[in-house]
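An overview of the molecular structure
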Amino acid sequence: MTRAFAIAVGLALVCGGASARAQQVTGTIPSHLAAAKAAARTRLGLGAEDVVILVLGRLSSFDKMDLGAILAMFARLARTGGQRLCFILAGEDSDNTAKRLLRAASHVELTDRLRIYTNFGSDLREDLYAASDIFLSLADHVQETFGLTILEAMAHGRPVVATACAGTRNLLADGANGLIVPADDAGALAAVLTRLAHEPAIAERLAIAARSTAERFEWRRVQPRLEAAIERWRRR
C-alpha cells in the first residue's frame, strides 16, 4: 500500500468510525484479486495448491513479536497440517534476525516450508499479500496502536488471524471479519490456522468481510469525514 493509504488510515481514526463492528457481510472476492494471486505465485515460485501463511512486519529478536515461538508453531503445523503449507516471514531486518531464523528452521526440519524476505520494495510487498492465503499478526506489545499491515491484508481480501492488541481491536471483530487469538496459546493458534487451511468456506467468509472493513478506509470515504471534522473545528 502507498503512503497515502497510511495517511488515510490515520485520518479515518481522527474522524471516527474506526472501531470494528460485527456485521453480516455478503458478496464475493473480486476476480482481479484472484488473478493477482495467481500471477504473484508464479513470480514467487509458489504452487497453486500451496496454503500460504504470511507474517509481515519488522523482523527483530527484541520487539514486535516472538519470532521463535512463531517458528515453533510453524514446525508444529508442518508436521500435522496434512497438506502443502508454506510459511513466509517478511519485513525489515536490521540485526540479521533472518539468518538466525533460518538456522533455527533447519533444526526443526522446516527449511523446505519456510521463506524469509527482508528489506524489500513495494512491488514484492504487494506480491506477498497477493500470494498469501492467511495473514498472521502476532504482535505482543501494547505499543502496537494500529495494525497497518492488518488493514493492508484485509484490503487484499485475506483472512486475518491476530492477537488482541489495541490496534487489532480497531479493525477486527472476532469471528466476523477476522479471528483473534491469545498471544500465549500456541495450541489455540495452531487450531485456528489448521481450521482456516482446511475449511476454505470459512476463510472466504472472513476475507469478504475483511475487504468490506478495509473499504471504509479508502480515501474517497475518508475525505468527506475529514473535511467535516475540519469544518467543525473551524466553527469552534
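Residues numbered from 1 in each chain as written. Predicted model: local features only at pLDDT ≥ 70, side-chain atom pairs only at ≥ 80, totals over all residues. Heavy atoms only, no water.

From N to C terminus, the chain includes 10 helices and six strands. Counting every position in the chain, which comprises 236 residues, the buried fraction comes to 48%. Sequence-distant contacts, at least 24 apart, represent 76% of the contacts inside the chain between residues at least 6 apart. Looking at the chain as shown, the accessible area adds up to about 11,700 Å², and 53% of this sits on carbon and sulfur atoms. (Helix = DSSP H or I, 4+ residues; strand = E, 2+ residues; numbered from the N terminus. Buried < 20%, exposed > 50% of the residue type's maximum accessible area, 1.4 Å probe, protein only. Contact = heavy atoms within 4.5 Å. Areas by Shrake-Rupley, 256 points an atom, 1.4 Å probe, with all protein chains shown as cover.)

To continue, consider the side chain of threonine 149. On the secondary structure map, threonine 149 appears in helix 6 (residues 148–155). Judged by its relative accessible area of 17%, threonine 149 is buried. Not counting residues within four places of it along the chain, the set of residues in contact with threonine 149 comprises Leu56, Arg125, Tyr129 and Phe135.

Time to look at the sheet that holds strand 6 (residues 179–181). By definition, the strands of a sheet pair up through backbone hydrogen bonds, in either a parallel or an antiparallel sense. With respect to topology, six strands assemble into an open sheet ordered 3-2-1-4-5-6, the strand pairing being parallel. Sheet topology places strand 3 (114–118) and strand 6 at the edges, where each strand pairs with a single neighbour. Averaged over all neighbouring strand pairs, the angle between strand axes comes to 20°, with direction disregarded. Seen against the sheet, helix 4 (residues 97–107) touches strand 2 (85–91) and strand 3 and runs at an angle of roughly 175° to strand 3. (Pairing = 2+ DSSP bridges. Axes fitted to C-alpha atoms, helices over the stretch in contact; angles between N-to-C directions.)

This brings us to the pattern of salt bridges. Scanning the entire structure with this criterion turns up 11 salt bridges. A salt bridge links arginine 195 to glutamate 199; the shortest N-O distance between them is 3.9 Å. Assessed through its relative accessible area of 47%, arginine 195 is described here as partly exposed. A residue is classified by how much of its surface remains accessible, and glutamate 199, at 36% relative accessible area, is partly exposed. Between arginine 235 and glutamate 231 there is a salt bridge, with the nearest N and O atoms lying 3.0 Å from each other. (Salt bridge = Lys/Arg side-chain N within 4 Å of Asp/Glu carboxyl O.)

The next subject is the confidence of the model for the chain. Detailed conclusions should not be drawn from predicted coordinates in areas where pLDDT is low. Summary statistics for the chain give a mean pLDDT of 84 and a share of 83% for residues scoring 70 or more. Of all helices and strands in the chain, the one with the weakest mean pLDDT is helix 1 (residues 3–15) (49), whereas helix 5 (residues 122–131) scores best (97). Of the regions scoring below 50 in pLDDT, residues 14–18 engages in 10 contacts with residues more than four places distant in sequence or in other chains. (pLDDT = per-residue confidence, 0-100.)

Following the sequence through the fold, arginine 169 ends up in helix 7 (residues 166–169). Look at arginine 169 and you get partly exposed, because its relative accessible area is 48%. When the C-alpha atoms of arginine 169 and isoleucine 180 are compared, they prove to be 8.9 Å apart, with 11 residues separating the residues in sequence.

Attention now moves to unusual backbone geometry. Trans peptide bonds make up the majority, and among non-glycine residues the majority have a negative phi. The residue asparagine 96 is not glycine, and still its phi comes out positive at about 60°. Relative to the helices and strands, asparagine 96 resides in the loop between strand 2 and helix 4. Positive phi values are uncommon outside glycine, yet asparagine 119 reaches one of about 50°. Mapped onto the elements of the fold, asparagine 119 is located in the loop between strand 3 and helix 5.

With 16 residues, helix 10 (residues 219–234) should reach 22 Å at 1.5 Å per residue; the first-to-last C-alpha distance of 22 Å fits that figure. Every buried residue belonging to helix 10 is among Val222, Leu226 and Ala229, and all of these are buried. Angular distribution of buried residues about the axis of helix 10 spans 65°; they occupy a single face of the element. Across from the buried face of helix 10, at angles greater than 90 degrees, the exposed residues are Arg220 and Arg234. (Expected span 1.5 Å × (residues − 1). Arc of directions from axis to C-beta.)

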